[in-house]
Amino acid sequence: MSGPMIEWVRSICPFCGVGCGFLAGVERNRLVGLEYLTDHPVCEGALCPKGNAALETVHHADRLLHPLVRKGDGFERISWDEALEGIAARLLDIQRDHGADAVGFLASAKCTNEENYLLQKWARLFGTNNIDHCARLCHASTVAGLARTLGAGAMTNPMSDVAHSDCIFVIGSNFTECHPLASRWVGDALERGAFLVVADPRVTPVVWQADLHLRHRPGSDVALLNGMMKVILQEGLHNEGFIAARTSGFDVLRQSLAAVDLAAVEEITGVPVAAIQEAARRYARAKASVIMWSMGITQHTTGVDNVISLANLALLAGHVGRPGAGLMPLRGQSNVQGACDMGALSNFLTGYVPVTDAERRARIAAQWGTPELPAAVGLTVVEMMHAAGTGALRALYVMGENPMITDPNVDHVREGLRNLDLLVVQDIFLTETAELADYVLPAALWAEKAGSYTNTERRVQWQPRLIPPPGEALPDWQIIASMGRLTGWADQFDVPSPEPVLAEINAVSPAYRGVTQERTQALGGVTWPCPEEGHPGTPILHETRFATADGLGHLEPIAYRPPAEQPDDRYPLVLTTGRTVLHYNSGSMTRRSKALLTRERSLFVEISPADAAQRGLEDGQQVRVSTRRGDADCLARVTSATAAGVVFMPFHFAGANVLTNDALDPTAKIPEYKVAACQIEGLPR
Amino acid sequence: MNVLYLNLTRCIYCRACEVACEREHDGISRVAVTLVDPRQPVPVSCRHCEKHPCLEACPETAIEAAPGGAIIIHTRKCISCGLCVIACPFGAIELDAGGKIAEKCDLCEHRQRDGRLPACLLTCPARCIEYGPLDDILAVARTKPGATFVAAMGETGTVVTLPDRSVPGV
C-alpha cells in the first residue's frame with residue numbers, strides 16, 4: 001500500500017452479480033493496485049480469482065482506442081463525428097424504409113443502470129421494443145416465473161442471510177465457481193449444523209460439502225420438484241397456516257400432485273425415491289430453508305416451469321419472507337439485475353411495466369416527452385438473431401455483448417449477423433462479434449466512468465470514475481446520448497453526466513424512488529424497493545404480503561415436459577454447459593488475464609470414465625464434440641465429476657455454443673443451453 | 001507466537017489465494033492448491049513449522065524464524081544450494097525460475113509491516129484461512145466440524161481442519 005501518490009478508491013467488482021467491493025489504487029491516471037475492503041457488507045474483503053485479476057484488463061494492449069468503420073475485410077479508423085453521424089444516418093434510413101422494428105438493440109449487464117436506462121429509452125423513442133440483453137439468456141425464466149408466483153422476479157434475501165438457514169437446497173447452481181462468495185455464508189450455515197441438499201447432474205465443489213446429492217438427469221427438474229412436493233403433502237409436512245393466510249391455488253396444486261407417481265419420478269430423474277423423500281423432509285421440516293438456483297434451472301425450454309415449481313415448493317413449506325428462508329436466484333453479471341430493472345427487456349419498460357399495459361405505458365411516455373411508446377412486445381435476443389437471418393431485422397446496435405461466443409447455435413448467429421445491413425458494436429475489445437461489425441465504437445470500462453450497479457441482492461452501489469478512458473474511448477452513456485440526439489431526440493438526451501440520469505430513474509421507477517446517488521455511494525449502497533428518500537431499503541422481500549396484485553403467493557400446478565432434444569443413436573450423450581471459476585462469460589476480459597488464462601487455457605469437455613472407455617478416449621486427448629448444429633474440437637477431461645451419459649463444457653471459449661440448442665422456453669424465450677444431444681470422438685494425435 | 005489456520009472443510013478449490021499471492025509477489029504464487037482426492041483441495045505452501053528443517057538445512061543464515069512465528073528466507077543471503085527445498089516436508093519451497101533463489105510463502109511480510117493481513121487470508125471467498133495466536137486459533141478450531149490436526153510433521157506451525165470423509169480411519 002506504499003507510495004504516497006496512490007489514492008485508494010472504493011470500487012465494485014466488474015464480474016459476477018455478487019457485487020463485491022474492493023479498493024482500487026489510482027496513481028497518475030492509472031490503476032496500480034488492488035486492496036481488500038474488509039468492511040464491505042457483501043464480501044468482507046474477499047475476492048474470487050476473477051476479482052483479484054480485475055485490473056489486468058484495464059490497461060490491456062488490446063483495448064479499442066478509436067472508432068472503426070468496415071473497409072472490405074478490415075477496419076479503418078474514423079473520427080467520432082463521422083462514426084456517430086454515419087450510424088445515425090443509416091439507422092434513420094432503415095427506420096424510414098423498413099420501419100423501426102427492423103432495428104434491434106442489445107443492452108449490457110456489464111454497463112451501469114444509467115447506461116441501460118438510456119439505451120432502452122432510446123430504443124423505445126426510436127420506435128421499437130426490440131431491446132433486450134443477456135438476462136434473456138440467464139434469468140429470464142426467473143423474472144417470468146417469480147413475477148407470476150410472487151410478484152417480483154428477484155432474489156428475496158441478502159446473500160449473507162444464507163448463514164441463518166437450517167436447510168439449504170441448491171438446484172442447478174455451482175456457486176462455488178460462479179458466485180464463489182456464496183460459499184462463505186453457506187459454509188457458516190453448515191458449521192452451525194445446517195443440512196445441505198444439492199441437486200445437480202455433476203459433482204461440483206458444492207456437492208463436496210453436501211449432506212445429500214440428488215444427481216438428477218439434465219432437464220428433469222420439474223419431475224424432481226413435483227416428487228418432493230408429493231412427499232411433503234403425503235406426509236403432512238406442508239405449512240397449512242402459511243398456505244391458508246398467504247397463498248392461492250392450493251387445491252388445484254394438490255389435485256395435480258395427487259397424480260404424480262414417485263416411481264415414475266425416479267424413472268425420469270434417475271434419483272432414488274428414498275433420496276427424494278429425504279430431501280423433501282429436510283427442506284420442509286427445517287425452521288428456515290432457502291433455495292438457491294442459477295442456470296441449471298433457468299436455461300431450459302421448461303425454465304419458467306422450473307422456477308414456478310421452486311416457488312410452489314417454497315410456498316407449500318412456508319419458507320419465504322423470513323431471515324434464512326427465501327428464494328435465491330443467483331444473478332450472473334455485475335448489473336444484470338439493474339439492466340432488467342431499467343427495462344432493457346423486450347417486454348418490460350423501466351420498473352417492470354409491461355409494454356402492453358396502456359395506462360402505465362402512457363405515464364412513462366409522458367415522462368419521456370412523447371405522445372406514445374411502442375405497444376407490441378419486441379424481439380428477444382435469440383429471436384433477433386433468427387430475424388436477422390430471415391431479413392426481418394436489418395440493423396443491430398450492440399452495447400457490450402458478445403453473442404458470437406455466448407448465444408446458442410453460433411454458426412446460425414454468424415449467418416444472421418452477416419445478413420444485417422448494419423451492425424454496430426460498442427465494446428472495450430474487438431470481440432468476436434465486433435469483428436463482424438460495420439462500425440466499432442471504443443467504450444470506457446467500469447473504472448473509466450461513473451454510475452450505479454445493482455447486484456443480485458437488489459443492492460444498488462455507485463462506482464466512481466477513477467481514471468480517464470484510453471485513446472478516444474468514451475463512456476457508453478455518452479455514446480448512447482449522442483446517438484439519441486442525432487436520431488431526433490435532442491431534448492431527451494441532453495445528458496451532461498450520469499447523475500441526472502439516476503435522478504430521472506428515481507422519478508420513473510417507484511422501487512428506485514429513494515435510490516439516490518448519495519445513498520448508492522454509501523458503503524454497501526441501498527437495496528430496492530426503496531420507495532422514498534430516507535427509506536431504509538428492503539433486504540427481505542415478501543415479509544407480510546407478496547408483490548402480486550392480490551398480495552398472495554400464487555401456487556400453480558406444473559406438469560413435467562421433457563427437454564427439446566433427446567439423445568438418440570447418432571447423438572447418444574447429453575451435453576450441458578456452464579461456467580468455470582477462472583473465467584467469465586464470453587471470456588473477452590478473462591481470456592486476456594495472464595493469471596486466469598494460465599490456470600485455464602482452452603476449451604475442454606468433461607466426460608465420465610465409462611463413456612470415455614467406451615470410445616477409447618484418454619484424459620487430455622484432443623476430441624471432437626458434435627451436435628445437430630455443428631462441432632467443436634477440445635481436450636477431453638475424463639472425470640467421475642460427470643455422470644455416465646452426460647458431458648460438460650464451459651462456454652467461455654469459442655466452440656461450445658456452436659453446439660448448443662437455440663430452442664426456446666415458450667414464455668421466457670430463454671434457450672436450452674443445458675441439454676443438447678451430442679456425440680464425442682477421439683481425434684488423431 | 002502466531003500460527004496459520006487452514007479450515008479445509010470450507011475450501012472450494014477456487015484458487016483465489018493463488019491469484020492473490022501472485023499479485024502480491026511479482027507474478028509468482030507461493031501457494032499451489034492441489035486436489036489430493038477428487039473432492040479435497042489442499043493448498044501446498046509453507047506451514048511455518050515450529051520445528052523448521054529448512055532452517056536447519058541451510059548452510060548460510062538465509063532462513064530465519066522470525067519472532068512473530070513466520071519462517072522467512074532472506075533471498076540476498078541464499079546461495080542456491082537447494083538443501084531447504086529437499087528438507088521441506090511439505091514441498092513448499094522452490095527455486096525460482098532461474099534456479100537461483102529459494103522462494104516460499106513469507107506470510108506477506110511486506111503487508112504485515114504496514115499492518116495488513118496476508119493476502120490469501122483476506123481474499124479467500126470461503127473464509128478458510130485465519131492467522132493468530134495459537135490459543136485463539138485452537139479455540140476457533142475446536143468449534144469446527146471435521147478433524148483438526150494440531151501437530152503434523154512440522155509440529156504446530158499450522159493448524160489444519162479436514163472433513164471427516166477425507167481422513168482415513170476417522
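For the structure, see preceding data.
Trainee: How should the overall build of chain B be read in this particular structure?
Mentor: Secondary structure assignment for chain B yields six helices and ten strands. The globule rule puts the C-alpha radius of gyration for 170 residues at 15 Å, and the 16 Å found for chain B is close to it. Principal-axis analysis of the C-alpha atoms places the extent of chain B at approximately 45 × 35 × 30 Å. For chain B, the proportion of its 170 residues judged to be buried stands at 51%. Taking the intrachain contacts of chain B between residues at least 6 apart in sequence as the baseline, contacts between residues at least 24 apart amount to 52%. Split by element, the accessible area of chain B, about 7900 Å² in all, is 56% carbon and sulfur. Here chain B contributes 18 positively and 20 negatively charged side chains, and the mean placements of these two sets differ by 5 Å.

Trainee: Explain the interface of chain B and chain A to me, please; I cannot follow it from the model alone.
Mentor: It is common to give the size of an interface as the accessible area lost on bringing the parts into contact. Taken together, the 32 residues of chain B in the interface contact 31 residues of chain A. Around 2700 Å² of area is buried between chain B and chain A when both sides are counted, 48% of it from carbon and sulfur atoms. Our count for the chain B to chain A interface comes out at nine salt bridges. Taking the shortest distance from any N to any O, the salt bridge between R599 of chain A and E18 of chain B comes out at 2.6 Å. Counting across the chain B and chain A interface gives 20 residue pairs in polar contact (both at pLDDT 80 or more). Secondary-structure elements contributing two or more residues to the side of chain B that touches chain A are α1 (16–24) and α5 (119–123) of chain B. At six residues, α1 of chain B tops the list of elements feeding residues into the side of chain B that touches chain A. Among the residues forming the side of chain B that touches chain A, the class breakdown is 16 nonpolar, four polar and twelve charged.

Trainee: What is the right way to look at the sheet that holds strand β13 (residues 326–329) of chain A in this model?
Mentor: Strand pairing in a sheet relies on backbone hydrogen bonds. The paired strands run either parallel or antiparallel. Residue and element names in this part refer to chain A. Read across the open sheet, the five strands follow the order β10-β9-β8-β12-β13; overall the sheet is parallel. For this open sheet the edge positions go to β10 (212–214) and β13, each flanked by a neighbour on one side alone. Taking the axes of each pair of neighbouring strands and ignoring which way they run, one obtains an average angle of 15° across the sheet. Bridge count between strand β9 (residues 195–199) and β10: three bridges; the pairing is parallel. Of the residues in β10, the one forming a bridge with V198 is H213. Sitting on the sheet, helix α15 (residues 303–317) is in contact with β8 (167–171), β12 (289–293) and β13, with an inclination near 170° to β12.

Trainee: Teacher, can you tell me more about the pairing of strand β2 (residues 32–37) of chain B here?
Mentor: Both faces of the sheet carry side chains from a regular strand, because those side chains alternate between them. As paired strands, β2 of chain B and strand β3 (residues 40–44) of chain B are joined by five bridges and run antiparallel to one another. Each bridged residue has a counterpart across the sheet, and for V33 of chain B the counterpart in β3 of chain B is P43 of chain B.

Trainee: So what exactly am I meant to see when it comes to the environment of L575 of chain A here?
Mentor: All names here are of chain A. Here L575 is to be found in strand β23 (residues 573–578). You can call L575 buried: its relative accessible area is 0%. Spatially, the C-alpha atom of L575 lies 6.0 Å from that of V646, the residues being 71 residues apart in sequence. Those residues in contact with L575, other than ones at most four positions away along the chain, are V647, F648, M649, L659, Y673, K674, V675, A676 and C678.

Trainee: How should the state of the cysteines be read in this particular structure?
Mentor: One covalent bond between the sulfur atoms of two cysteine residues makes up a disulfide. Counting across every chain of the model gives zero disulfides over all chains. Unpaired in this structure, C634 of chain A has its nearest cysteine sulfur neighbour in C678 of chain A, at a distance of 9.8 Å. Sulfur of C14 of chain B: no disulfide; nearest cysteine sulfur belongs to C124 of chain B and is 6.3 Å away.

Trainee: Looking at this structure, I do not really get the pattern of salt bridges. What am I missing?
Mentor: Any two side chains of opposite charge can pair if their charged atoms end up close together. The final tally for this structure, using the stated rule, is 46 salt bridges over all chains. For K144 of chain B, the salt bridge goes to E191 of chain A, with nearest N and O atoms at 2.7 Å. Separated into two different chains, K144 of chain B in the loop between α6 (134–142) and β9 (147–149) and E191 of chain A in helix α7 (residues 182–191) make up a pair that spans both. Judged by relative accessible area, which is 17%, K144 of chain B ranks as buried. Across the pair R394 of chain A and D421 of chain A runs a salt bridge, and its minimum N-O distance is 3.1 Å. Of this pair, R394 of chain A sits in the loop between α18 (381–390) and β16 (395–399) while D421 of chain A sits in the loop between α20 (410–419) and β17 (422–427), and the two are 27 residues apart along the sequence. In this structure, a network of salt bridges that share partners links the residues E44, R184, D188 and E191 of chain A together with R10, R127 and K144 of chain B.

Trainee: I keep staring at the packing of helix α5 (residues 140–149) of chain A against α15 of chain A and nothing clicks. Help me out?
Mentor: Between two packed helices, what matters for the description is the angle formed by their axes and the separation of those axes. Residue and element names in this part refer to chain A. Closest axis-to-axis distance for the α5/α15 pair is 8 Å, and the angle between their directions is 45°. Between α5 and α15, the angle is such that the two are oblique. For the crossing formed where α5 meets α15, the hand is right-handed. Residues S141, T142, A144, G145, L146, R148 and T149 of α5 form the contact with α15, whose participating residues are G303, V304, V307, I308 and A311. A per-class count over the contact of α5 with α15 returns six nonpolar, five polar and one charged.

Trainee: It is not clear to me how the nonpolar core should be interpreted in this structure. Could you clarify?
Mentor: The nonpolar side chains of a soluble globular protein tend to be buried with one another. All names here are of chain A. Among the nonpolar cores identified, the biggest contains 96 residues, and L31, I168, M292, W446 and L466 are the most heavily contacted of them. Looking at this core element by element, the count peaks at five residues for α7. In contact with L466, not counting residues within four places along its chain, are V9, S11, A24, V26, L31, W446 and A447. Counting residues in hydrophobic clusters, the runner-up holds 61 residues, among them I78, A481, M483 and W489.

Calculation notes
- Residues numbered from 1 in each chain as written.
- Chains lettered and ligands numbered in written order.
- Predicted model: local features only at pLDDT ≥ 70, side-chain atom pairs only at ≥ 80, totals over all residues.
- Heavy atoms only, no water.
- Helix = DSSP H or I, 4+ residues; strand = E, 2+ residues; numbered from the N terminus.
- Rg over C-alpha atoms; globule rule 2.2 N^0.38 Å.
- Buried < 20%, exposed > 50% of the residue type's maximum accessible area, 1.4 Å probe, protein only.
- Contact = heavy atoms within 4.5 Å.
- Areas by Shrake-Rupley, 256 points an atom, 1.4 Å probe, with all protein chains shown as cover.
- Lys, Arg positive; Asp, Glu negative; His and termini not counted.
- Charge placed at Lys NZ, Arg CZ, Asp CG, Glu CD.
- Buried area = accessible area lost by both parts, 1.4 Å probe.
- Salt bridge = Lys/Arg side-chain N within 4 Å of Asp/Glu carboxyl O.
- Polar contact = N/O pair within 3.5 Å; in protein donor to acceptor, adjacent residues only side chain to side chain.
- Nonpolar A, V, L, I, M, F, W, Y, C, P; charged D, E, K, R; others polar.
- Pairing = 2+ DSSP bridges.
- Axes fitted to C-alpha atoms, helices over the stretch in contact; angles between N-to-C directions.
- Disulfide = S-S within 2.5 Å.
- Parallel < 35°, antiparallel > 145°, perpendicular 65-115°, else oblique.
- Left-handed = near helix turned anticlockwise from the far one by under 90°.
- Core = buried A, V, L, I, M, F, W, Y, C linked by side-chain atoms within 4.5 Å.

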